[in-house]
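What follows is each chain in one-letter form.
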Amino acid sequence: MSKIPVLEIFGPTIQGEGMVIGQKTMFVRTAGCDYSCAWCDSSFTWDGTGKEDIRQMSANEIWEELKALGGDGFSFVTISGGNPALLKNISTFINILQKNQIKICLETQGSLWQEWFYKIDELTLSPKPPSSGMTTDFDRLDTIIGNLEQSERKQNISLKVVIFNDEDYQYAKKVHFRYPAIPFFFQIGNDDSKTSDDNQLLEKLLQKYEWLINKVMFDDSLKDVKVLPQLHTYIWGNKRAV
Ligand SMILES: C[S@@+](CC[C@H](N)C(=O)[O-])C[C@H]1O[C@@H](n2cnc3c(N)ncnc32)[C@H](O)[C@@H]1O
Ligand SMILES: Nc1nc2[nH]cc(C(=O)O)c2c(=O)[nH]1
Ligand code: SF4
Ligand SMILES: [Mg+2]
């Protein structure tokens, strides 16, 4: 059976971001990304620094490890990366989760399509703003969102754009107005994702969160949007695998 490159399996924890923030979940983090965002908080998945920790695992081995870690205490698994959408064979893992009545959440930037997206219960598309240094291929994103909308999966997807500055904010608005029917989340960016000084980080993130809330509050062109922090960083700072 074909293998999946896995960097982290952890949980139970809470989903710290986006459409199901607060949800109790297990996490599976795959290796490899087709992007290289300037501020990526999981750059060990693609910059070579996590290379030694990559495990080539079968879908069944991942499932067994999730059960060993989470026991009977979970019904939700979040797949993130890197970009899990690089991996066609995740479908075998998804089938195992579905067979076991586990709800599935996926984090991806929306640069690549996979047929197994149809099986994701909470699919977060997170196109990247200018500060990332990446360029969004909007034709690709149109195709992904179009496919899911046509298959009546609209209620299973959301858009989440990370904001570091005014230019990112303008980009986020452009994305929201392009897909007005898709639930939209602004997420505050963490520009210090390596520090271990939790108190200083928290203070900084709270200030930035307030800055972003104020922008949205006084922006009449934005009505039906949500503004969120990365909740897990407020609790555990930049700690990995939480
Ligand atoms: C590490 S990425 C992995 C999934 C996928 N590659 C993506 O970017 O959507 C998971 C989420 O973390 C967000 N993220 C990455 N670095 C961040 C940072 N420094 N501050 C806030 N959010 C960040 C991404 O935008 C994405 O929504
Ligand atoms: N608790 C927690 N919530 C998260 N939401 C998205 C994450 C990610 O790195 O994709 C993440 C993560 O790493 N931890
Ligand atoms: S797309 Fe996601 S994993 Fe890839 S570099 Fe950007 S934030 Fe990191
Ligand atoms: Mg993260």
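Note that the structure is predicted; figures quoted are calculated from it, not measured.

Visitor: Which residues make up the pattern of salt bridges, and what values do they have?
Guide: Counted by the stated rule, this structure contains 13 salt bridges. Measuring nitrogen to oxygen at the nearest pair gives 4.0 Å for the salt bridge that ties glutamate 61 to lysine 3. Highlighted residues: glutamate 61 in helix α1 (residues 59–70) and lysine 3 in the segment before β1 (4–14), separated in sequence by 58 residues. Overall, the relative accessible area of 37% leaves glutamate 61 in the partly exposed class.

Visitor: Can you break down unusual backbone geometry residue by residue, with the values?
Guide: In this structure, the amide linkage connecting glycine 11 to the following residue, proline 12, adopts the cis form with an omega of -5°. Relative to the elements of secondary structure, proline 12 occurs in strand β1. Of the consecutive residues glycine 81 and glycine 82, the connecting peptide bond is found in the cis state with omega at 15°. Inspection of the secondary structure assignment puts glycine 82 in the loop between β4 (76–80) and α2 (90–99).

Visitor: Could you give an account of the sheet that holds strand β6 (residues 122–125), with specific residues and numbers?
Guide: Read from one edge to the other, the open sheet built from nine strands follows the order β3-β1-β2-β4-β5-β6-β7-β8-β9, with strand pairing classed as mixed. For this open sheet the edge positions go to β3 (55–57) and β9 (226–228), each flanked by a neighbour on one side alone. Along the sheet, successive strands turn relative to each other by an average axial angle of 30°, direction set aside. Against the sheet, helix α3 (residues 138–150) makes contact with β6 and β7 (157–163), and its axis sits at roughly 160° relative to β6, the strand it touches most.

Visitor: Before we move on, could you go through the site of ligand 3 and cite the residues and values that matter?
Guide: Every residue lining ligand 3 is accounted for by Cys33, Tyr35, Ser36, Cys37, Cys40, Trp46, Gly82, Gln109 and Lys128. Partitioning the shell around ligand 3 into residue classes produces five nonpolar, three polar and one charged.

Visitor: Break down the site of ligand 1 for me, with residues and values.
Guide: Around ligand 1 there are 21 residues in total, and Trp39, Gly82, Gln109, Lys128 and Asn190 lie nearest to it. Serine 126 is positioned such that a nitrogen or oxygen atom in its side chain is 3.0 Å from an oxygen atom of ligand 1. One of the side-chain N or O atoms of glutamine 230 is found 3.3 Å from a nitrogen atom in ligand 1. Relative to its unbound accessible surface of 540 Å², ligand 1 loses 96% to contact with the protein. For the shell around ligand 1, the secondary-structure elements that each account for two or more residues are β5 (103–108), β7 and β8 (184–188).

Visitor: Can you lay out the pairing of β5 for me, pointing to particular residues and giving the numbers?
Guide: Side-chain direction in a regular strand flips from residue to residue, so the side chains alternate between the two faces of the sheet. Within β5, five of the six residues are buried, leaving the element largely enclosed by the surrounding structure. Direction of pairing for β4 relative to β5: parallel, over a ladder of four bridges. Residue phenylalanine 76 lies in a different strand from β5, and its bridge partner there is lysine 103. For the segment spanning β4, α2 and β5, crossover handedness is right-handed.

Visitor: Quick one: what's the story with the UniProt feature "domain: Radical SAM core" (unreviewed entry) in the protein, residue by residue and with numbers?
Guide: Residues given the UniProt feature "domain: Radical SAM core" (unreviewed entry) here are residues 20–238. The distance from the first to the last C-alpha atom of residues 20–238 is 20 Å, and the span holds 34% helix and 18% strand.

Visitor: So, the pairing of β6: which residues are in play, and what are the values?
Guide: What you see with β6 is no split at all: Glu122 and Thr124 on one side and Leu123 and Leu125 on the other are buried throughout. As paired elements, β5 and β6 share four bridges and run parallel to each other. Paired with glutamate 107 across the strands is threonine 124, a residue of β6. Bridge count for β6 against β7 is three bridges, and the pairing is parallel. Across the sheet, leucine 125 pairs through a bridge with leucine 159, a residue of β7. Handedness of the crossover is the feature at issue here: the chain leaves β6, passes through α3, returns alongside β7, and the resulting connection is right-handed.

Visitor: Describe the UniProt feature "binding site: Mg(2+)" (unreviewed entry) in the protein, listing the residues and the values that go with them.
Guide: UniProt annotation of "binding site: Mg(2+)" (unreviewed entry) refers to Ser42 when read in the numbering used here. According to the relative accessible area criterion, serine 42 is buried, its value standing at 7%. When neighbours within four sequence positions are excluded, serine 42 is seen to be in contact with Arg29 and Gly81. Polar side-chain contacts of serine 42 include one of 3.4 Å to the side chain of arginine 29.

Calculation notes
Residues numbered from 1 in each chain as written. Chains lettered and ligands numbered in written order. Predicted model: local features only at pLDDT ≥ 70, side-chain atom pairs only at ≥ 80, totals over all residues. Heavy atoms only, no water. Salt bridge = Lys/Arg side-chain N within 4 Å of Asp/Glu carboxyl O. Helix = DSSP H or I, 4+ residues; strand = E, 2+ residues; numbered from the N terminus. Buried < 20%, exposed > 50% of the residue type's maximum accessible area, 1.4 Å probe, protein only. Pairing = 2+ DSSP bridges. Axes fitted to C-alpha atoms, helices over the stretch in contact; angles between N-to-C directions. Contact = heavy atoms within 4.5 Å. Near = heavy atom within 4 Å. Nonpolar A, V, L, I, M, F, W, Y, C, P; charged D, E, K, R; others polar. Polar contact = N/O pair within 3.5 Å; in protein donor to acceptor, adjacent residues only side chain to side chain. Areas by Shrake-Rupley, 256 points an atom, 1.4 Å probe, with all protein chains shown as cover. Right-handed = clockwise from strand over helix to strand, strands pointing away. UniProt positions renumbered as here; feature names shortened; annotations may be inferred.

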